[in-house]
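Listed below are the residues making up each chain.
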Amino acid sequence: MHISFAAPAAKIQAGSWVVAASEGSVLLPAALKADKASGGALLRGLKVSRFTGKSGQLLEVLAPAGLSVSRIVLVGLGKPGALDEKGLETIGAQIVARLHTLGETTATLEVDAPKGSKVKAGEIAAHLAFGAKLRSYTFEKYRTRNLDEYKKRLGELLVIAPDAAAARRAYAGLDAVANGIFLARDLVNEPPNVLFPAEFAKRVKALSKFGLKVEVLGEAEMKRQGFGALLGVGQGSVRESQLVVMQWNGGKKKAAPVALVGKGVCFDSGGLSLKPGAAMMGMKGDMGGAAAVTGTMLALATRKAKVNAVGVIGLVENMPDGGAIRPDDVLTSLSGQTIEVLNTDAEGRLVLADCLTYTQRRFKPKCVVDLATLTGAIVQALGYEHAGVFSNDEKLVQRLRDAGVHTGERVWQLPLDPCYDKMIRSKIADVKNIGGANSGSITAAQFLLRFIEDGTVWAHLDIAGVAWQDHEHRVQIPSWGTGWGVRLLNRLVKENYEN
Ligand code: BES
Ligand code: MN
Ligand code: ZN
């Protein structure tokens, strides 16, 4: 969808004209203008509807006489004092959702700041546009039939704002984030026969044109350096494992970077500890952590964030061929610690272990945040509304919590504690890769902690419940892959690490 901004003088020509009212059906100036231009059609329509101006309510007046627009859409903003960025984004998405079902292809959005709103007009326009953009995402590349049904989309959105330049400026940073989210969604939505580790790496390489420095390590190089845990996971697959390192250097020279680490299991069959059929479905999304890291790095680069950031993703396929690791195998990780593998389906922590060691030793980062669709247990605990966060630094947890509340990508803290360590004690190696029957998300995090070196500020986000959605689709997220994490990490960086 193409979004542009213009000052109020612009003449509304075709498509839908979207105007707003606050709670109590108080028409804002553009709505009054639309009512007048249509000979009072909007107020007449209001009288015979249940519209009250509550946030997200919509009222349509079709083919109004005296105007060349296809319809006037009145949208409710709710109470002016309660307007915030997240709410505006939801409203923007709700508008686009409706226009999509109506088959509308162009629209003009003219929303004034209601009296009593804390959000300024330019910001209102920008955040409505951001929500609209997030909703406009589609992933239809594998459809070959009934294309008309899928292709008829809102293609053009003109946003009218009193200070169009301010709105455009406010939107520029948001558009960068939206594009990062779209990339993450695309990567998660792609089927695993298309998006295997080398293909994923190739797509990251292509981001060099946005100013990211991208390096790819293949199996030979990783073997030379001793990535025994990551390579162990990939050894049952015909697809070559890859480590991808992305750097964005927008901060001060030599300033330590913020590091983002992602689990990139392009397909998780479970390996020899094979998953049953129903549980294997959707495991193309087991690279959601890597997708979020990649999307965030793209967002930081395109909005030219004043920060040094590094993204490290471990890309593998967990498969059960004759060369696969066995339950009982012992692997030597990059850190030197040995790991007894008792369940090949607990593979994410093996991949992350080496990625974490590599990231800390090479970059000495200010902090490390890893994202992984790590455990089914986190879905049991928190469902689809929060990611789990585990950390050795309360300040970082608070920062993530704040960023989560602001963006809607919320996190909930679970404990790390030495008392769980006995659950991952191995009979013959330094650690084993599974705990007991209970507290599976905590023992997984406790395992990762073994690979965090002294002084490293670290948080682990278990995103197994939020990286994709099989059930309800949120209005800003029309696809299976959610792109979860891009907004959160972008906000974390913006609020705490930019200079
Ligand atoms: N990728 C899965 C976790 C997962 C499960 C993500 C469901 C999303 C939805 C992970 O690799 C896994 O298989 N974890 C096991 C660990 C167990 C074997 C200790 C799990 O959660 O069952
Ligand atoms: Mn697994
Ligand atoms: Zn997995």
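One can find the structure itself at the top, above this paragraph.
Residue indices begin from 1 for each chain and proceed along its sequence in written order. Written order determines the labels here, with chains lettered from A and ligands numbered from 1. Predicted model: local features are reported for residues with pLDDT of at least 70 only, side-chain atom pairs are reported and counted for 80 or more only, and whole-chain, interface and lining totals are derived from all residues. Only heavy atoms go into the side-chain values, all of them from the structure, while hydrogens and water stay out.

**Student:** How would you summarise the site of ligand 1 if you had to cite specific residues and measurements?
**Tutor:** If even one non-hydrogen atom of a residue comes within 4 Å of a molecule or strand, that residue is called near it. The immediate surroundings of ligand 1 are formed by 16 residues, with Lys275, Asp286, Asp345, Glu347 and Gly376 found nearest. Each polar contact in these results corresponds to two N or O atoms within 3.5 Å; when the atoms are within protein, one needs to be able to donate a hydrogen and the other to accept it, and residues that are neighboring in sequence are counted only if both atoms are side-chain atoms. Between a nitrogen atom of ligand 1 and a side-chain N or O atom of Asp286, the distance comes to 2.8 Å. Asp345 has a polar side-chain atom sitting 2.8 Å from an oxygen atom of ligand 1. The protein chains shown are the only cover counted for residues, whose accessible areas, like all others here, come from Shrake-Rupley with a 1.4 Å probe. If ligand 1 stood free it would expose 520 Å²; the protein chains cover 76% of that surface. Residue polarity is assigned by list, with Asp, Glu, Lys and Arg as charged and Ala, Val, Leu, Ile, Met, Phe, Trp, Tyr, Cys and Pro as nonpolar; anything else, Gly included, falls into the polar class. Residue classes in the shell around ligand 1 are distributed as 5 nonpolar, 4 polar and 7 charged.

**Student:** Help me get a handle on the pattern of salt bridges, residues and values and all.
**Tutor:** The working definition used for a salt bridge is a side-chain nitrogen of Lys or Arg within 4 Å of a carboxyl oxygen of Asp or Glu. All told, the structure shown has 23 salt bridges when counted by the stated rule. Taking the shortest distance from any N to any O, the salt bridge between Arg326 and Asp329 comes out at 3.1 Å. Residues joined in a network through salt bridges with shared partners are Lys141, Glu190, Glu199, Lys202 and Arg203.

**Student:** Quick rundown of unusual backbone geometry? Include the residues and the values.
**Tutor:** Despite not being glycine, Lys304 shows a phi value in the positive range, around 50 degrees. Along the chain, Lys304 falls in the loop between helix 11 (288-302) and strand 11 (308-318). A relative accessible area of 58% means that Lys304 is categorised as exposed. Even without being a glycine, Lys364 presents a positive backbone phi close to 40 degrees. Runs of H or I in DSSP of at least four residues are treated as helices and runs of E of at least two as strands, each being numbered from the N terminus. Relative accessible area decides the class of each residue, using a 1.4 Å probe on protein chains only: under 20% of the type maximum gives buried, over 50% gives exposed, and in between gives partly exposed.

**Student:** Residue-level account of the coordination of the zinc ion (ligand 3), with values.
**Tutor:** Donor atoms are limited to N, O and S found within 2.8 Å of the metal ion, a distance that becomes 3.2 Å for Na, K and Ca. With water left out, some sites might look partial. The coordination sphere of the zinc ion (ligand 3) contains the protein donors Lys263 (NZ), Asp268 (OD), Asp286 (OD) and Glu347 (OE), at a distance range of 2.0 to 2.4 Å. A site with four donors is called tetrahedral when every donor-metal-donor angle falls between 85 and 135 degrees; four donors are called square planar, and six octahedral, when opposite donors sit more than 155 degrees apart and all other angles fall between 65 and 115; any other arrangement is irregular. Each of the 6 donor atoms around the zinc ion (ligand 3) contributes to a set of angles spanning 78 to 175 degrees, which defines the coordination as octahedral. One chain supplies every donor to the zinc ion (ligand 3), and in sequence these donors are spaced K-x4-D-x17-D-x60-E. The metal-metal distance between the zinc ion (ligand 3) and the manganese ion (ligand 2) is 3.1 Å, with Asp268 serving as a donor to both. Residue Asp286 is found in the loop between helix 10 (277-280) and helix 11, and its partner Glu347 is found in the loop between strand 13 (338-340) and helix 12 (348-363); the two are separated by 61 residues along the sequence. Considered together, Asp286 and Glu347 belong to a single accessibility category, that of buried residues.

**Student:** If you had to explain the coordination of the manganese ion (ligand 2) to someone new, which residues and values would you point to?
**Tutor:** Ideal donor angles around a metal are set by the shape: a four-donor tetrahedron calls for 109.5 degrees, a six-donor octahedron for 90 or 180 degrees. For the manganese ion (ligand 2), the full set of protein donor atoms is Asp268 (OD), Asp345 (O), Asp345 (OD) and Glu347 (OE), and the range of their distances to it is 2.1 to 2.2 Å. Here the manganese ion (ligand 2) binds 6 donor atoms, and the angle range of 72 to 169 degrees at the metal identifies the geometry as irregular. Sequence positions of the donors to the manganese ion (ligand 2) reduce to the motif D-x76-D-x1-E.

So far we have only geometry, and geometry alone does not tell us how the molecule works.
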